[in-house]
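Now for the letters of each chain:
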Amino acid sequence: MRKEGFSRYTLYGEEGISLPPEFVHLERIRDRATLRDWTIDPHAHPHMLQLLVVENGGSELHGECAVQSFAAPVLVIVPPACVHAFRFDAGAEGWVLSVAADLANDPRLRGLLGSMEALGGSALAISLAAHPLILQRLAWLLGDLGQRLGQEDQVGPTLLAQVALILATAIEAGTGNLDAPADGREPLVARFRALVERHYREHLPVADYAARLGTTTSTLTRATRALVGKPPAEIVHDRLVLEARRNLAFSGASAAQIAYALGFADPAYFARFFKARTGQTTTAFRRARSSKGA
């Protein structure tokens, strides 16, 4: 995998293409991987969620914090803006579903997909070896969706429902809550995570987040502790650490440049912040990533 940086694409290898708010694209893994010797270099999709269902063959997922090797069957969930890369075994079989983040956040789907934020911001690989029925369901839904996408010009109610079912099935598998009932606090935590995504570089106090959400700091804290197991400030810090890791792993920017880009006025404070939350200095983290060939 190349180390000097990462690209931002609509679909992999396609830059500068506008993304309609109801964008849905489906292809076989081999459609793109065979053109690139089964290696997909580090990249991100700023406004797109991706699901991969690998039905046959081994693969490596190079995420922002680790490299995961897995054997089929496996489900991979790639949140928007997450830097990721793949190395597939030659002949790997499966599907890649790409969905505009705006569509995944459509009010018509939020009731079904309220737990999406529980997945976090990094790519996640989930083995489906112990869940053959989930694999069978996803494979059938994706195959049928492929036929429908070739016949319909836009995402109507039927296609939207099918995409929602695929996403809901994948998110349930990713969170491990296949039979868990919905929690009424999920919408508040989802809105909080969306605000964090827009403002984490501003280092806003939790009280400001709560005010923008029309709630109190204590109510927001109770909700995030119940659903995520963390207070709101720690969620903001996690997002800063995630972005720092992305830049350290996939860009040539110095630690000081990264600190300023993340809203830290003092690079030395950023260095202490990063080490306190990761157990590594920025230099050690970058060296470890390099030695793994990320």
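Residues numbered from 1 in each chain as written. Predicted model: local features only at pLDDT ≥ 70, side-chain atom pairs only at ≥ 80, totals over all residues. Heavy atoms only, no water.

Asks: Mind showing me how you'd approach the nonpolar core here?
Replies: Nonpolar side chains in soluble globular proteins tend to be buried together. Core analysis: the largest hydrophobic core is formed by 31 residues, its most contacted members being Phe 192, Tyr 209, Leu 220, Leu 262, Phe 264 and Phe 270. When contributions to this core are tallied by element, the ones reaching two or more residues are α6 (186-199), α7 (206-212), α8 (217-227), α9 (232-250), α10 (255-261) and α11 (267-278). Per-element tally for this core: the top contributor is α9, with 8 residues. What Tyr 209 contacts, discounting residues up to four positions off in sequence, is Phe 192, Leu 195, Val 196, His 199, Tyr 200, Leu 204, Leu 220 and Val 236. (Core = buried A, V, L, I, M, F, W, Y, C linked by side-chain atoms within 4.5 Å. Buried < 20%, exposed > 50% of the residue type's maximum accessible area, 1.4 Å probe, protein only. Helix = DSSP H or I, 4+ residues; strand = E, 2+ residues; numbered from the N terminus. Contact = heavy atoms within 4.5 Å.)

Asks: Just to check I follow, could you spell out the packing of aromatic side chains for this structure?
Replies: Where two aromatic rings form a pair, the distance of their centres and the angle of their planes describe that pair. Throughout the structure, instances matching the rule amount to 7 aromatic pairs. On the numbers, 6.0 Å between centres and 45° between planes, the contact of Phe 264 with Tyr 269 is tilted. Ring pairing ties together the aromatic residues Phe 264, Tyr 269, Phe 270, Phe 273, Phe 274 and Phe 285, which thus form one cluster. (Phe/Tyr/Trp six-rings, centres within 6.5 Å; stacked < 30°, edge-to-face > 60°.)

Asks: How should the packing of α6 against α9 be read in this particular structure?
Replies: Working note: a packed helix pair is described by the angle between its axes plus the distance between those axes. Where α6 meets α9, the axes come as close as 10 Å, and the angle between the chain directions of the two elements is 45°. The pairing of α6 with α9 is recorded here as oblique in orientation. The crossing of α6 and α9 is right-handed. Only Pro 232, Ile 235, Val 236 and Arg 239 of α9 make contact with α6, whose side of the interface consists of Phe 192, Arg 193, Val 196 and Glu 197. Within the contact of α6 with α9, the residues separate by chemical class into 5 nonpolar, no polar and 3 charged. (Axes fitted to C-alpha atoms, helices over the stretch in contact; angles between N-to-C directions. Parallel < 35°, antiparallel > 145°, perpendicular 65-115°, else oblique. Left-handed = near helix turned anticlockwise from the far one by under 90°. Nonpolar A, V, L, I, M, F, W, Y, C, P; charged D, E, K, R; others polar.)

Asks: Mind showing me how you'd approach the confidence of the model for the protein chain here?
Replies: Atom-level detail of predicted coordinates should not be read off regions where pLDDT is low. In the predicted model, the protein chain carries a mean pLDDT of 81, and the fraction of residues at 70 or more is 80%. Within the protein chain, no element has a lower average pLDDT than strand β1 (residues 7-8), which sits at 60, and none a higher one than α10, at 96. Scored below 50 in pLDDT, residues 177-182 makes 5 contacts in the model with residues more than four places away or belonging to other chains. (pLDDT = per-residue confidence, 0-100.)

Asks: In this structure, what is going on with the packing of α9 against α11? I would like to understand it.
Replies: Running from N to C, α9 and α11 cross one another at 105°; their axes reach a closest spacing of 11 Å. Relative to α11, α9 is oriented roughly perpendicular. Taken together, the residues of α11 that come into contact with α9 (itself represented by His 237, Leu 240, Val 241, Ala 244, Arg 245 and Leu 248) are Phe 270, Phe 273, Phe 274, Arg 277 and Thr 278. Its residues placed into classes, the contact of α9 with α11 shows 7 nonpolar, 2 polar and 2 charged.

Asks: Got a minute to help me understand the side chain of Asn 247 in this structure?
Replies: With respect to the element layout, Asn 247 can be found in helix α9. Not counting chain neighbours up to four residues away, the residues in contact with Asn 247 comprise Ile 258 and Arg 286.

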